[in-house]
Amino acid sequence: MTATMLAGRLNVDTARFALEEIPVPEPGHGEVRVRVRAAGVCLSDVHLVEGSLRPRFLEESAVTLGHEVAGEIDALGPGVPEGWKPGARVLLQAGERCGRCARCVRYTEPCLSARTRGVDYDGGWAEYALATHHTLVSVPDELPLEQAAIVPDAVSTPWAALVSTADVRPAQPVGVWGVGGLGAHGIQLLRLVGAAPIVAVDPLESARARALDFGADAVFDPGDPELPRRVGAATGGHGLDAAFDFAGVPAVREQAAECLAPQGKLTLVGLTPEPLTITDGVRFSFAKQQLRGHYGSSPAHVEQLVELTRHRRLDLSRSVSDTMPLSEAGAAIERLQRGGDTPIRLVLTP
């Protein structure tokens with residue numbers, strides 16, 4: 001009799017999410033099977049369920065969700081290099097490069113054919129998950145697996161956005177729009193690289209309080225008609241050298257662009273299918289400002305963050321808002337859909 005396990009599955013064709021019993025997977029060549037101990041719940045998962053985000057490379061009609069995964073190696077397939085042993089604590093990179101194109105061969109950045117775990121192939125909302133050995137990252141004993149699981153994406157996406165895409169430098173004034181899971185970590189990481197001052201903008205009073213707790217120097221409500229003037233005052237009249245849209249809301253982008261300094265950069269991290277608009281294009285061009293898109297992170301960013309936690313430069317103890325059993329995955333999705341309490345990260349524990 002084939003062993004089975006519980007998994008949170010999305011049928012992309014019918015937009016139906018359900019918990020199902022499916023066979024426990026067997027690792028193939030170069031793969032390991034991981035006993036999942038923690039799996040993050042991201043807004044991207046909600047977008048998948050709602051249909052606003054669709055897989056690009058999914059070969060079947062259904063997929064096990066979950067791109068933020070940590071656990072212990074349970075079994076090794078043939079061809080796994082020495083050094084990986086059953087019982088080892090690991091987190092899984094959120095995706096894989098195609099391994100064939102020139103970008104993959106020559107660079108460490110993901111290519112346009114990169115496949116995302118829990119989107120293009122089965123992820124970690126399950127009792128077990130498969131992973132190729134090169135997507136494994138060792139987790140130090142002092143880092144709880146609930147925190148390790150969310151490093152790929154919840155922490156690595158804002159880290160890559162600020163150190164790579166936006167190239168934030170010490171003492172630069174920076175603004176963060178949206179203080180949810182990505183934005184809260186963005187503020188924490190901006191302090192780590194020395195940005196100053198850090199301005200946070202969010203419509204929720206609780207999120208603004210969180211921003212201050214995570215290290216923002218000033219917080220504002222986006223509904224304040226005086227917001228650009230207040231941001232200018234907070235930055236000594238300079239404006240923002242870098243601004244980040246972590247909310248994925250078109251109106252946010254217009255507002256953030258208005259707060260930029262000359263040659264300032266607006267980086268789009270939050271995803272939305274809505275059109276991009278800059279109303280005052282003449283001002284934007286005259287000031288030589290820039291609009292940059294951002295998506296995900298590279299394996300190196302995840303490894304850097306694990307090292308930062310190992311050396312106590314980064315504390316993720318406040319990052320897990322709640323843990324829920326895998327059987328309540330549907331309720332976790334609904335909680336994010338409702339909004340209101342804006343958790344930093346919900347984590348499923350199979």
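Notes on the structure in this doc start here. Keep in mind it's a predicted model, so treat the numbers as computed, not measured.

So, how was this worked out
Residues numbered from 1 in each chain as written. Predicted model: local features only at pLDDT ≥ 70, side-chain atom pairs only at ≥ 80, totals over all residues. Heavy atoms only, no water. Pairing = 2+ DSSP bridges. Helix = DSSP H or I, 4+ residues; strand = E, 2+ residues; numbered from the N terminus. Axes fitted to C-alpha atoms, helices over the stretch in contact; angles between N-to-C directions. Buried < 20%, exposed > 50% of the residue type's maximum accessible area, 1.4 Å probe, protein only. Contact = heavy atoms within 4.5 Å. Salt bridge = Lys/Arg side-chain N within 4 Å of Asp/Glu carboxyl O. Polar contact = N/O pair within 3.5 Å; in protein donor to acceptor, adjacent residues only side chain to side chain. Parallel < 35°, antiparallel > 145°, perpendicular 65-115°, else oblique. Nonpolar A, V, L, I, M, F, W, Y, C, P; charged D, E, K, R; others polar. Phe/Tyr/Trp six-rings, centres within 6.5 Å; stacked < 30°, edge-to-face > 60°. Lys NZ or Arg CZ within 6 Å of the ring centre and 35° of its normal.

## Describing the sheet that holds strand 12 (residues 198–201)
Part 1 of the argument: Here we have 6 strands laid out as an open sheet, ordered 13-12-11-14-15-16, and parallel in their pairing. Both outer strands of the open sheet, strand 13 (218–220) and strand 16 (290–293), are each paired with one neighbouring strand and no more. Shown here is a sheet whose adjacent strand axes are inclined to one another by a mean of 20°, direction ignored.
Part 2 of the argument: Across 4 bridges, the pairing between strand 11 (residues 174–177) and strand 12 is parallel.

## Observations concerning helix 1 (residues 43–50)
Part 1 of the argument: Within helix 1, the full set of buried residues consists of Ser-44, Asp-45, Val-46, Leu-48 and Val-49.
Part 2 of the argument: Those residues of helix 1 that are buried are in contact with strand 1 (4–11), strand 2 (16–23), strand 3 (31–41) and helix 11 (329–338).
Part 3 of the argument: At the C-terminal side of helix 1, Gly-51 shows a positive phi close to 95°.

## Describing the environment of Phe-220
Part 1 of the argument: Position of Phe-220 relative to the elements: it lies in strand 13.
Part 2 of the argument: Overall, Phe-220 belongs to the buried group, its relative accessible area being 14%.
Part 3 of the argument: Distance in space between the C-alpha atoms of Phe-220 and Val-231 is 8.4 Å, their sequence separation being 11 residues.
Part 4 of the argument: Apart from the residues lying within four places of it in its own chain, the contact partners of Phe-220 are Val-199, Ala-200, Val-201, Asp-202, Arg-208, Leu-227, Arg-230, Val-231 and Ala-234.

## Some words on the sheet that holds strand 1
Part 1 of the argument: The strand order across the open sheet built from 3 strands is 2-1-4, with neighbouring strands paired in antiparallel fashion. In the strand order of this sheet, the two ends are held by strand 2 and strand 4 (62–64), each with one partner. Taking each pair of neighbouring strands and ignoring which way they run, the sheet shows an average axis angle of 40°.
Part 2 of the argument: Judged from the 3 bridges that link them, strand 1 and strand 4 form a sheet pairing that is antiparallel. When the bridges of strand 4 are listed, Asn-11 appears paired with Ala-62.

## So, the pattern of salt bridges
If charged atoms from side chains of opposite charge come close, those side chains can pair.
Part 1 of the argument: Here the structure, examined in full by the defined rule, presents 17 salt bridges.
Part 2 of the argument: Residues Arg-310 and Glu-307 are paired through a salt bridge, measuring 2.9 Å at the closest nitrogen-oxygen approach. Of this pair, Arg-310 and Glu-307 are both found in helix 10 (residues 299–310), 3 residues apart, which corresponds to roughly one turn of the helix.
Part 3 of the argument: A residue is classified by how much of its surface remains accessible, and Arg-310, at 33% relative accessible area, is partly exposed.
Part 4 of the argument: Where salt bridges share partners, they join Glu-26, Arg-33 and Asp-74 into one cluster.

## Considering the side chain of Thr-135
Part 1 of the argument: Secondary-structure assignment places Thr-135 in the loop between strand 9 (128–132) and strand 10 (136–138).
Part 2 of the argument: Engagement of the side chain of Thr-135 in a polar contact is seen with the side chain of Arg-117, the distance being 3.2 Å.
Part 3 of the argument: Setting aside anything within four residues of it in sequence, one finds Thr-135 in contact with Leu-91, Leu-92, Gln-93, Gly-95, Glu-96 and Arg-117.

## Quick look at the packing of helix 1 against helix 11
Part 1 of the argument: Helix 11 packs onto helix 1 with a crossing angle of 95° between their chain directions and a minimal axis gap of 10 Å. Taken together, helix 1 and helix 11 sit at an angle that is classed as roughly perpendicular. Residues Leu-43, Val-46, Val-49 and Glu-50 of helix 1 form the contact with helix 11, whose own contacting residues are Ile-333, Leu-336 and Gln-337.
Part 2 of the argument: A per-class count over the contact of helix 1 with helix 11 returns 5 nonpolar, 1 polar and 1 charged.

## As for the packing of aromatic side chains
Part 1 of the argument: On inspection of all chains with the given rule, the structure shows 2 aromatic pairs.
Part 2 of the argument: Summarising the aromatic geometry, the rings of Phe-17 and Trp-125 are spaced 5.8 Å apart at their centres and angled 90° between planes, so their arrangement reads as edge-to-face. Linking Phe-17 in strand 2 with Trp-125 in the loop between strand 8 (115–116) and strand 9, this pair joins segments that are 108 residues apart in sequence.
Part 3 of the argument: Take Phe-17: its relative accessible area is 19%, and that puts it in the buried class.
Part 4 of the argument: The interplanar angle of 15° and the centroid separation of 5.7 Å between the aromatic rings of Phe-244 and Phe-246 together place this pair among those described as stacked. Grouping residues by exposure puts Phe-244 and Phe-246 together as buried.
Part 5 of the argument: Geometry around Tyr-128 places Arg-33 over its ring, the cationic atom sitting 5.5 Å from the centre.
Part 6 of the argument: Sitting over the ring of Tyr-128, Arg-35 keeps its end group 5.4 Å from the ring centre.

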